[in-house]
Amino acid sequence: MNMEPASGEKIASLKTLTTVIYALYAVSLFIGITAVVAIVLNYLKREDARGTWLESHFGWQIRTFWWGLLWLVVGAATWIILLGWLVWGVACVWFVYRIAKGWLNLNDNKPMPVQ
């Protein structure tokens with residue numbers, strides 16, 4: 001485990017990576033496989049962000065992926081009774097909100113409020 005403080009260069013690199021991951025999640029609304037690429041990057045680089053303000057963004061993105069997947073599955077399971085369309089619609093709005101909120105906080109160099 002790396003206990004040295006993060007350099008400005010490391011933070012800049014992690015911020016760029018976090019931006020790319022938010023973009024991959026946004027694109028996943030149209031091309032779903034990019035969310036898989038994003039979650040893999042989240043897990044591969046999460047340790048690099050540990051101890052920085054960007055750690056909260058990685059947690060936010062990871063939770064967004066798993067909760068989004070859960071709601072996608074629930075929507076699919078309830079699609080036959082037409083409730084799935086509502087679940088998917090609400091989940092889509094929620095997903096867009098999570099991406100936008102995270103991206104805006106990232107742009108303002110703010111951590112996410114929830115770990």
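What you see is a predicted model; the values in this text were computed from it and never measured.

Draft legend 1. Highlighting the packing of helix H1 (residues 8-27) against helix H2 (residues 33-49). Contact geometry for H1 and H2: axes closest at 8 Å, N-to-C directions at 160°. The angle between H1 and H2 places the two elements in the roughly antiparallel class. In the packing of H1 onto H2, the handedness of the crossing is left-handed. On H2, the residues that touch Lys10, Leu14, Leu17, Ile21, Leu24, Tyr25 and Val27 of H1 are Thr34, Ala35, Val37, Ala38, Ile39, Leu41, Asn42, Lys45, Asp48 and Ala49.

Draft legend 2. Inspection of the packing of H1 against helix H4 (residues 83-107) at higher detail. Remark: H1 packs on H4, axes separated minimally by 10 Å, with the N-to-C direction vectors making an angle of 160°. As judged from the angle between their axes, H1 and H4 are roughly antiparallel. Judged by the sense of rotation from one axis to the other, the crossing of H1 with H4 is left-handed. Residue-level contacts link Lys15, Thr18, Thr19, Tyr22, Ala23, Tyr25 and Ala26 of H1 to Phe95, Arg98, Ile99, Gly102, Trp103, Leu106 and Asn107 of H4. Among the residues forming the contact of H1 with H4, the class breakdown is 8 nonpolar, 4 polar and 2 charged.

About the thresholds
- Residues numbered from 1 in each chain as written.
- Predicted model: local features only at pLDDT ≥ 70, side-chain atom pairs only at ≥ 80, totals over all residues.
- Heavy atoms only, no water.
- Axes fitted to C-alpha atoms, helices over the stretch in contact; angles between N-to-C directions.
- Helix = DSSP H or I, 4+ residues; strand = E, 2+ residues; numbered from the N terminus.
- Parallel < 35°, antiparallel > 145°, perpendicular 65-115°, else oblique.
- Left-handed = near helix turned anticlockwise from the far one by under 90°.
- Contact = heavy atoms within 4.5 Å.
- Nonpolar A, V, L, I, M, F, W, Y, C, P; charged D, E, K, R; others polar.

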